[in-house]
Amino acid sequence: MKPVRPFRPATRFGVELVLGIIAITGCLSAQQARDVVSEEALRKQVAEAPSLKSQLTAKARPLTKAAPSIQSSLWTNSIILADGEKFTLVPVGSILHLPAELRGHVAASPQGDFTFWPSFLKRNTTWLAAKEVSLSLSRGNAQEAKTLLKTLSYDKRLIVATYKGGPITILEPAPTHSGSNRASP
């Protein structure tokens, strides 16, 4: 009888693995992985490319108009409410009711430290109130505006229109033209 050689799977797998690696690397060495640029060719490309300075001079233009105003549109489209120590901004057209004795709280320039609307409202509830309004009212619904202003006319506080807690401008309804000279679209 012939001696039986034990089966060694690790050796058999190892041989197959080595043969596979040789086959793969043989294929890879036959292909060029990437283009190689010589240093001389690279220097030539860099010399031919336009410099940043020349690109900037070609694209940049001197100012021909006056510089824009430093005043931001936030300040020009806002009303400043102040209590002596702090101030806040509300949009123009957001004050629904302003009694004559409270006109001193509307300031021409900021006085004190800025604070956001919710904090300013909590701090000044004795003379300031917020009235939540609908979007249709803010867009100029005349019927809603008339009923709202009737209910607010007897209040002794300055009342600001708000939508979802933030001050909002109330648009005035467009004037109605009774003439027939109006062109229809």
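Quick caveat: nothing in here was measured; it's all calculated off a predicted structure.

**Student:** Honestly, the overall build of the protein chain in this entry has me stumped. Any pointers?
**Tutor:** Looking only at helices and strands, one finds 7 helices and 8 strands in the protein chain. Out of the 185 residues in the protein chain, the part that is buried amounts to 19%. Counting only carbon and sulfur atoms, one obtains 59% of the accessible surface of the protein chain, whose full area is about 15,200 Å².

**Student:** Where do I start with the sheet that holds strand S4 (residues 106-107) in this structure?
**Tutor:** Think of a sheet as strands paired side by side through backbone hydrogen bonds, with each pair either parallel or antiparallel. With mixed pairing, 4 strands are arranged side by side in an open sheet as S4-S1-S2-S5. Where the open sheet ends on each side, the last strands, each with one partner, are S4 and strand S5 (113-114). As paired elements, strand S2 (residues 86-91) and S5 share 2 bridges and run parallel to each other. Note that in S5 the partner of Phe 87 across the bridge is Phe 114.

**Student:** Looking at this model, I keep getting lost on the side chain of His 97. Mind explaining?
**Tutor:** Tracing the backbone shows His 97 in strand S3 (residues 95-97). A distance of 2.8 Å separates a polar side-chain atom of His 97 from the backbone oxygen of Asp 155. Dropping the residues within four chain positions of it, His 97 is found in contact with Leu 152, Ser 153, Asp 155, Arg 157, Leu 158 and Ile 159.

**Student:** I keep staring at the pairing of strand S1 (residues 78-82) and nothing clicks. Help me out?
**Tutor:** Each regular strand displays side chains that alternate between the two surfaces of the sheet. Burial runs high along S1: 4 of the 5 residues are buried. The loop that links S1 with its antiparallel partner S2 comprises 3 residues; one of these, Gly 84, has a positive phi angle of about 105°. Sheet analysis places S1 next to S4, joined by 2 bridges and oriented antiparallel. For Ile 80, the partnering residue across the bridge sits in S4 and is Ala 107.

Here is what the cut-offs are and how they apply
Residues numbered from 1 in each chain as written. Predicted model: local features only at pLDDT ≥ 70, side-chain atom pairs only at ≥ 80, totals over all residues. Heavy atoms only, no water. Helix = DSSP H or I, 4+ residues; strand = E, 2+ residues; numbered from the N terminus. Buried < 20%, exposed > 50% of the residue type's maximum accessible area, 1.4 Å probe, protein only. Areas by Shrake-Rupley, 256 points an atom, 1.4 Å probe, with all protein chains shown as cover. Pairing = 2+ DSSP bridges. Polar contact = N/O pair within 3.5 Å; in protein donor to acceptor, adjacent residues only side chain to side chain. Contact = heavy atoms within 4.5 Å.

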